[in-house]
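Chain residues, written in single-letter form:
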Amino acid sequence: MAERSFAKEVELLRLGAGEEFRGEGILAVTKALLQSGVAYVAGYQGAPVSHLMDVLADAGDILDELGVRFESSASEATAAATLAASINYPLRGAVTWKSTVGTNVASDALGNLASAGVQGGALIILGEDYGEGSSIMQERTHAFAMKSQLWLLDPKPRLDCIVNAVQQGFELSEASNTPVMLMLRIRACHLYGRFIASDNRRPPFTASDALNAPRRDASRIILPPHTYAQEQEKTQRRWPAAVRFIRERKLNEFIDGPESGLGIVLQGGLHNGVFRALERLGLANSFGVSRLPLYVLNATYPLVEEEFVRFAAGKRALLIVEEGQPEHIEQAANQFLRRADLNTRVLGKGPLPMAGEYTGAVLQEGIRAFVEEHAPRLLSPAPEQPLLPASQLRAAVPERPSGLCTGCPERPLFSSLKLLQKEIGPVHVSADIGCHSFASLAPFNLGASILGYGLGSAAVSALHGGGEGKRPISIMGDGGFWHNGLTSGISNAVFNEHDGVTIIVDNGYAAATGGQWVPSSEADAPRRKARLPIADAVRGVGVRWVRSLNTYDMKGTLKVLREAMAAREKGPKVIVAQGECQLNRQRRIRPLLNRRRKAGKRVARKHYGVDADTCTGDHSCIRLSGCPSLTVRPNPDPLRSAPVAAVNHDCVGCGVCGEVAHAAVLCPSFYHAELVDNPGRLEQFMQRLRHSLIGLLQRRNQRKRALAW
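Below is a summary of the structure that appears in this document. On a predicted model such as this, the values are computed, not experimentally measured, just so you know.

### Some words on helix α15 (residues 328-339)
- Its 12 residues give α15 an end-to-end C-alpha distance of 17 Å, which sits within 8% of 16 Å, the value for a rise of 1.5 Å per residue.
- For α15, the set of buried residues is H328, I329, E330, A332, A333, F336 and L337.
- Of the residues trailing α15, D341 is marked for its positive phi of about 60 degrees.

Next up, the structure:
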C-alpha cells in the first residue's frame, strides 16, 4: 500500500507510436523505460522518486506482458548491485532511489560497477533532493559522478526532454560501456505535460537468455590486476567515447540570442527557472526566445570542452548557473577557456549564491547582477519594492516545524519518553531517519543526532560502557531496521555487548517514503513476502531481552520503558513499539467504511473532545502530545481568561490525547463520543430518550435561574 494508487494512470503506459501521452513526470519516466526495451528495474523508495516505485508496482501486469523484471529492493545498495546483470550481458537495466543519501548507501556497488563497466545500458534514476523542499543534508550528485566516472544527465524539466534523456541515457551507457545517472529534481518528477509516445519494446535479450548461455569475462572482475586496467580504460576509451556521443548526438543545446557579447551556461534542470527570470527582466519572452545566448547542459558530466570554447568565443563574460557547491562546472569552464587562450570572464558564484536552491527569485537577482555589471543598457530600472529580506521574513512568519500526523502511533511513544524523563532525568536519545525523526523537534525535543537510515542504534556505540550512568536510548523505524539497522545496529550491539535500549518503531509500512510495504507489514503484499516479525529477527541475531508493546497503551509503554532502563541484565535491550501508521490505516479502512455506509450498515467512529467547563487552560495535553487536532478556543466562562483546549474535526479517534492526560495524571476534562451512521432501532430510541431527558433538565434549570433573578 502506498499513499497514492496509480492503478488507473498506468494504462497510459500502453500507448503506442504516434499517440499523445498526457500525464505526470514519473509516469513519463516509466513509459520511457518501456519504450527503451528495459529488461529489469529495481530501486528503493525515497522522495522525490518514491512514486516511480509505486507506478512500477501498480504496472505489474504490463511489465509481465513485456517480460520486464521489477523488484522493490531492500536498500539502495541492493538496487545498485542488481545492475551487475548488465556487466556481462546486453541487458538494459534501470534502478532508482533518492540522492544523495541513497547514492551514499549504494556507493560501494556503484564504484565497482563503474570500474567493471557494462555491456547493456545501465541507467540510475536519481531523485535530486536539494533545496528548499529537501529533507536531507544539502549535497549534490555531481561530485559522486566525478569521483566514480559515472556520466550525469540533467535534462530540461519538460516531459519530452525527460523521455529523450531516458532513451539517450541507455544509448550513452552502451556507447561508452559506463553506467549513466539521470538526475530529476522534485519539480521535474511531479510536473504535468505531454509528449508523443512510441511503442513499448520487449527486451531483445532477457534473463532467461543469460541463464541459458552464462558468460564470464575475467577482465571485468574487480580484483588486481584487472582494476588497474579498468582505470586506464575509463580515461582512455570510455570517457572520450562519452564525450563523442554527447557532442555528436547534440545532447546539450545552444540557444542563440542577439546580445552575443554575453552568454549563460546553465544546468538543464534549471532551464525553466532561468527562462522565467530572463522573461521577468525583459530579456526573453514566453515562447523560448532569449536576448542572451544560452548553452543548456543536459549532460553535466562529462563536459565537452570544445562546446564551451565555441560558445565562449567572442563573448566578454559568461554566467555559469550551477546550483549548489562546490562550483564544479565553473571551475571546468575556467580551465577550458584558459587552455584555449580565451579571455572571456567566467562568473557564477558571486552574482549567484554559493549554496541553496536557485529559486526564481534567486535566479532573477543573480542574472540581474550579472547583466548590470556587463551590459546595464539591457535592463529596465529595478522594481521599487524589493523582495522581503530573509531576516524580516523570519520575523513576520512563525516557524512551523515538521510534525507527526494526527493519530500517529509514534506520538504516544514519545509522550511516554518525555514522562519517563520527568521521572529519571534527562536521557541521551539517538534519533534516526524516518517519521520518528520529527520527535527531535517541538514539543518532544528528543534526539541528539541523526546520521543515517537505520543507524540510530549504531550512533550510540561510543557511549556504552560509561559506568553506572543512565543507559542511552536509540530509535529506529521498521523501514530503517530492514534497510540497515538489523546488521549495523542490532547485531553490532550484540557482538560488542552494548547495554543500551533500542526502540524499533513498527508502524507496519515505510511510512516516511509514502507508506510502502516492508517485510514485517501485516498485510497481503502483492508479489512480495511479508509478515516477517521484527522480534523474531532480533532474537535471531542473539538479543535476549526483547519486549513488544502497543504504543497507544501509554501506561503499558511507560511500564516497559521503566523496566528497560532499570533491568539488571546486561546486553542490548530491544523494544518493538507497535502501532499501525494512521495515514495508511485511514487509507485502508475508509473505503471499507464507505461501502458499509452506502449499504445501510451500522458504522461507528470515535471522536474525542474536551469539556470546556472542566478544562483549566493548563494546556499540558498540548505540550506533551502536540497532536494537530488539539487546539485552543476562548474560555466560555466569563470569569476565566485562559483559553481552553479543544479537539477539532481532524480527530481520528486514536485516543492519544486521553491517554496522555490519564498517564500524566493531568486532568479529567477529556471525553470520547461515538458517532454512529445508520444506527439500529434501539440506538435511535435511546438517542430520542436521552435527547428528551436532557431537554427536560435544561428547561428546569432555566426556570430555576429565572426565579433566582
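### What to know about unusual backbone geometry
- Cis rather than trans, the peptide bond between P224 and P225 has omega equal to 5 degrees.
- Relative to the elements of secondary structure, P225 occurs in the loop between α11 (207-212) and α12 (226-248).
- The peptide bond linking Y301 to P302 adopts the cis configuration, its omega dihedral lying at 0 degrees.
- We note that K250 has phi near 55 degrees; this positive angle belongs to a residue other than glycine.
- Take K250: it is sitting in the loop between α12 and β9 (253-255).
- Classification of K250 by relative accessible area gives exposed; the value is 65%.
- Of note, R531 is a non-glycine position whose phi angle comes to about 60 degrees, a positive value.
- Here R531 lies in the loop between β17 (501-506) and α20 (534-540).

### A short note on the pattern of salt bridges
- Enumeration according to the criterion identifies 39 salt bridges in this entry.
- With a closest N to O distance of 3.6 Å, R602 and E674 form a salt bridge. In this pair, R602 sits in the loop between α22 (582-598) and β20 (603-610) while E674 sits in strand β23 (residues 670-677), placing the two residues 72 residues apart along the sequence.
- The exposure class assigned to E674 is partly exposed, which follows from its relative accessible area of 49%.
- In this structure, the salt-bridge partner of R605 is D677, at a minimum N-O distance of 3.6 Å. In this pair, R605 is assigned in strand β20 and D677 in strand β23, connecting sequence segments 72 residues apart.
- Accessibility expressed as a relative area gives 21% for D677, which makes it partly exposed.
- The network of salt bridges with common partners includes D217, R220, E233, R237 and R238.

### Description of a nonpolar patch on the surface
- A contiguous nonpolar patch, built from L682, F685, M686, L689, L693 and L696 and spanning about 570 Å² of accessible area, is present on the exposed surface.
- Checked against the element boundaries, L693 lands in helix α25 (residues 681-708).

### Overview of a positive patch on the surface
- There is a patch of like positive charges on the surface, built from R699, R700, R703 and K704.
- Topologically, K704 is positioned in helix α25.

### A short note on the pairing of strand β4 (residues 93-99)
- Burial of β4 is extensive: 7 of the 7 residues sit out of reach of the surface.
- Bridge analysis of strand β2 (residues 40-43) against β4 gives 4 bridges, and the strand direction is parallel. Each bridged residue has a counterpart across the sheet, and for V41 the counterpart in β4 is A94.

Reading the values: rules and limits
- Residues numbered from 1 in each chain as written.
- Predicted model: local features only at pLDDT ≥ 70, side-chain atom pairs only at ≥ 80, totals over all residues.
- Heavy atoms only, no water.
- Helix = DSSP H or I, 4+ residues; strand = E, 2+ residues; numbered from the N terminus.
- Expected span 1.5 Å × (residues − 1).
- Buried < 20%, exposed > 50% of the residue type's maximum accessible area, 1.4 Å probe, protein only.
- Salt bridge = Lys/Arg side-chain N within 4 Å of Asp/Glu carboxyl O.
- Patch = residues over 30% accessible without salt bridge, like charges linked within 9 Å, V, L, I, M, F, W, Y side chains within 5 Å.
- Areas by Shrake-Rupley, 256 points an atom, 1.4 Å probe, with all protein chains shown as cover.
- Lys, Arg positive; Asp, Glu negative; His and termini not counted.
- Charge placed at Lys NZ, Arg CZ, Asp CG, Glu CD.
- Pairing = 2+ DSSP bridges.

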